[in-house]
Each structure stands twice: as C-alpha cells, then as structure tokens.
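Close look at the chain arrangement
The chain contents come next:
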Amino acid sequence: MRAAQYVQAAQATPIVEPVGAAERAVGPGSDTGTAAAVRAHGHALRHFRFGLIALGVLAALSACFGTLGLVRHLQKPVVRRVVMNGTTLTAMGATGNVLWTTELDSPWTERFQGEDDSTWRTQIVDMHGDGAPEVLVAAPTAPDEDQLLCFSPRGRVLWCYRAPVQVRFGMWDVNGPWRLRQMLVAPENGSRSIYLVVTHPVWWPSFVVRISPSGASKVVFASSGNIRALGEFHMASGNYILAAGVNNEYAQASLAILRQGGPPATSPQSDAVSYLCTRGCPAERPYRYILFPRSELSTASGTPYNFVAIHGRANGVTVGTDEQAVGMMAYYDFSPDLQPERVSYGDGYREVHRQFEKEGRIKHSYEQCPERRAPAILRICNENGNWRTVSVPRAP
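What counts and how
- Residues numbered from 1 in each chain as written.
- Predicted model: local features only at pLDDT ≥ 70, side-chain atom pairs only at ≥ 80, totals over all residues.
- Heavy atoms only, no water.
- Buried < 20%, exposed > 50% of the residue type's maximum accessible area, 1.4 Å probe, protein only.
- Helix = DSSP H or I, 4+ residues; strand = E, 2+ residues; numbered from the N terminus.
- Arc of directions from axis to C-beta.
- Pairing = 2+ DSSP bridges.
- Axes fitted to C-alpha atoms, helices over the stretch in contact; angles between N-to-C directions.
- Salt bridge = Lys/Arg side-chain N within 4 Å of Asp/Glu carboxyl O.

**Some remarks on helix α5 (residues 349–359)**
- Listing the buried residues of α5 in full gives Tyr-349, Val-352, His-353 and Phe-356. Around the axis of α5, the buried residues are gathered within 100° of arc, so they sit on the same side.
- In the segment just after α5, Gly-360 is the residue with positive phi, at about 80°.

See below:
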C-alpha cells in the first residue's frame, strides 16, 4: 500500500514554473536588482528540479520494491515432490521445504504389490501450461475403491474423480467398486489430458477414462480383460494411446491402439455372451486391436494367460508379453508406423525350457523346439471389426 501511495503522490504533484516572481521583485531600469533576481530565480529553480528528481527516484524505488513484494506474494509455489505417510500428503518445494500438507480419506495402500510400479499414483503435472504444476494423487477411499484428486499448487482440491461406471457384460451387471490401476498424462490440444485405467477388484472388466484439465471425464475404451499398462505413441497419421493387458475371452495378451481424439471404443469380442458388453460400453472398435499368442512355456507353466508390457524405443515400440514363467518374456518389435517386425525371447527362455524338459512339462529339447523355428502368429482387428492374421519372424 505504501508503494501505491508514493506513486499517487508523485503523479498528483504539479510541475509548475514560478513565473513572474523576478518581475514583481525588481522594477524597470534596475540592472543590479534584475541580475540578483535572475540568480536567485536560477538557484530556486535548480533546487526545485532536484527535489522533483529526488521525489521521483524515491517514488520509483518504492513502487519497484512494492511491486516485487506483490509479485512474491502472488507467485504460485512450485511443487517438486510429494510424500505420503499414512493419510498425510505433503508437498515440498525445490529445497525440500514443506509447501502444504493435507489429510486423505484413507491410509495409503499399495494396491498391486509385486505387479506394478506404484510411482504413477502421484504425479506433478502442469495441466494448463501456466508454469504452476498441479498435483495428481490416486488415493484410496475404501479397501476396494480409489479416487483421483487434483490439487492446486497451493494445496486446494480442484476436482475429484470417482469412477461412476455402470455396465453389463452378458446378463451380468458390473457396478463397482472400482480401483485405479495406471495413469498417463499426455499432451492434447495445447494442454494435457489424463488417461486413467479403472479396474474391478475381483472381476476382469476394465476401462480407460480420459479426464480433462478441468476434471470432465469420459470412457474412451472398455475391455473384456484387465488393462495393466498405458503408453503414448506418435506417428504420421496422428497421436495414439496404447492400452496393454489381457483379453479374458481369448486368454491372450492384448494391445489396444486408440486414436487420440477418436471415437470411444470397446474390445472386439466374439458372440460369446459372457464376455460381450451389452450395455454401457462404446459401440466402436479401436484403431487397432492385437492379440499375442501364448508361448509353450506359458501353457506349460499352468497359468491362464500371458499379458503385455510396453517398452518405448527410439524407432517404434517394443511390446513385451510376460509368459508368467519366471524369467520368460517375449519381445515384439513394431515399426514407427506400428507394424510388427520381429519377435525374440528373453534370455531366460533357454533355462526355463530345459527346466520344463526335466520336469516332463515339455516333451522335446530346446534345440528341437518347433516354436523357435516357426513365426509367431498375431491376430489384428481394425476399426471396422475385421480380423486378419500376421506372421512375425523370430529373431535368432
């Protein structure tokens, strides 16, 4: 306020020359008096101008420091790290200073121990591109239910998302409760959008929900199987969201390729009523939907299916299928336009194969394994619902 008052005082002071003072003091014909009056006038004018300059400098300094103080007061804090302890969420700045704390509804819980990296549950993201990032927290509200909270840089709750999904598969109504499994924040239309995986704590249906910076939500993908990973991919035809997991009807690892900004979609199923979404799901199909074959090690391990993980790389993307045998992964390389190029097994394949030979689960040797000599067969469905098979050569 003092700065503002100084500025107003400086602006309100009129700059007036004391014209006519010398003429009133000295009459006509008095040269000596005229010279003295002129000198006196000059001294007074210099003092007057110096005073105005000093006053201007003082006003400028006051305004400057006042403005800096106002900027410091109005500047939003920048959150660099968040820490969870029980029900307490603490936001910290660059030096580790505590910016704010808040209490959540339920204690922090690791939902999928041993399966997923839970670091995705807290993310610091500049949703609006204004240099002041928000804090996203996927937090429990009950033993089997989660919510997504968006906090302002000062710790105020901007919005809260709890999955309101109500769908039917066959004759079975699935109304929750719903957990959050993965979260991806991707650039979209000059800002950022949140893509959130919503899963049931017991059964297999899952969904990808898109949430805008303001908290508006929309289901963009419904899956007849658990989605375990999200990724983003850019190619000449546009930007895409990758949703990887498993399809329970086919008992195979799956990858849905969703066009950003495209129509919401549902995984392509057969006419088997049990896995067909009959109410509450989008009618369209994904841009591409890929089923990955199970390896003989996956079958011999006694597990019900394999599932997908996503690995980014410079020129394309690598999709790894976890065959659920210890140390066993199959890696599918896709080109920059998402065409399958080759498949190779992880370095544990030989050892697991030989172990299964000893146990009698596999009847042939690793060297004579027919699977190693044949291409892998992918099934790919396009946005029109048409399936095709693609043979993928195996790398040495």
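**Describing unusual backbone geometry**
- With an omega dihedral of 5°, the bond running from Gly-176 to Pro-177 counts as a cis peptide bond.
- In this fold, Pro-177 is placed in the loop between β9 (172–174) and β10 (179–188).
- The residue Asn-189 is not glycine, and still its phi comes out positive at about 55°.
- The residue Asn-189 is located in the loop between β10 and β11 (191–199) in this model.

**Here's the deal with the sheet that holds strand β2 (residues 88–92)**
- Strand order in this open sheet of three strands is β1-β2-β3, and the pairing throughout is antiparallel. Only two strands of the sheet have a single partner each, and these edge strands are β1 (81–85) and β3 (98–103). Neighbour to neighbour, the strand axes of the sheet diverge by 20° on average, direction disregarded.
- Two strands pair when backbone bridges link them, and β1 and β2 are joined in this way by five bridges, in the antiparallel orientation.

**Regarding the pattern of salt bridges**
- Scanning the entire structure with this criterion turns up 11 salt bridges.
- Here Asp-173 and Arg-279 are joined by a salt bridge, their closest N and O atoms 3.1 Å apart. With Asp-173 in strand β9 and Arg-279 in strand β18 (residues 277–279), the pair connects residues that are 106 residues apart, well separated along the chain.
- Overall, the relative accessible area of 32% leaves Asp-173 in the partly exposed class.
- The salt bridge involving Arg-342 is made with Glu-341; its shortest N-O contact spans 3.7 Å.
- Here Arg-342 falls in the partly exposed class, since its relative accessible area comes to 36%.
- Look at the salt bridges and you will find they share partners, linking Arg-168, Asp-173 and Arg-279 into a network.

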